[in-house]
Amino acid sequence: MYKKIIYNYINNIKKEDIISYSIKEGIILSKYEIDIIYDYIKNKYLSIIDNPNKILTEIKEKVSNETYHKLLELYDKYKDIINKIKDD
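Residues numbered from 1 in each chain as written. Predicted model: local features only at pLDDT ≥ 70, side-chain atom pairs only at ≥ 80, totals over all residues. Heavy atoms only, no water.

Q: Break down the overall build of the protein for me, citing the residues and quoting the values.
A: If you tally the helices and strands in the protein, you get six helices and zero strands. Scaling as 2.2 N^0.38, a compact globule of 88 residues should have a C-alpha radius of gyration of about 12 Å, and the protein matches this with 12 Å. Along the first, second and third principal axes, the C-alpha atoms of the protein reach 35 × 25 × 20 Å. Buried residues in the protein amount to 28% of all 88 residues. Pairs at least 24 apart in sequence give 61% of the contacts found in the protein among residues at least 6 apart. A total of about 6,100 Å² of accessible surface is found on the protein, and carbon and sulfur atoms cover 55% of it. Taking the average location of the 16 positive side-chain charges in the protein and that of its 15 negative ones, the two points are 3 Å from each other. (Helix = DSSP H or I, 4+ residues; strand = E, 2+ residues; numbered from the N terminus. Rg over C-alpha atoms; globule rule 2.2 N^0.38 Å. Buried < 20%, exposed > 50% of the residue type's maximum accessible area, 1.4 Å probe, protein only. Contact = heavy atoms within 4.5 Å. Areas by Shrake-Rupley, 256 points an atom, 1.4 Å probe, with all protein chains shown as cover. Lys, Arg positive; Asp, Glu negative; His and termini not counted. Charge placed at Lys NZ, Arg CZ, Asp CG, Glu CD.)

Take a look at the structure:
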């Protein structure tokens, strides 16, 4: 059930959604970082759910240290939900 909800959301996500969320969370993203994060969310969401540590390691080398640390904070905040989705 959770995966279907996530799939429907991701199917409709836009870069503007990422920008709005990042501003709400106090994260300033470059255009390049927005593109990277959008690509991962849009095209690799199953990998994010199944193996978030691998994806975080990949992203680490593509974004600034500040952005990476904010992503780690967000992962820690939502990892219980991610695990529930994985088990769905």
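Q: Hey, could you go over the side chain of T67 for me, with residue numbers and the actual values?
A: Residue placement: T67 occurs in helix α6 (residues 65–87). With relative accessibility at 2%, the residue T67 sits in the buried group. Leaving out residues up to four positions away in the same chain, T67 has contacts with I28, L29, E33 and I37.

Q: Describe the nonpolar core, with residues and values.
A: Ranked by internal contacts, the top residues of the largest apolar core, which has 17 residues, are L29 and I59. When residues of this core are traced back to their parent elements, those giving at least two are α3 (31–43), α5 (52–60) and α6. In this structure I59 touches Y40 and L71, once residues within four positions along its chain are discounted. (Core = buried A, V, L, I, M, F, W, Y, C linked by side-chain atoms within 4.5 Å.)

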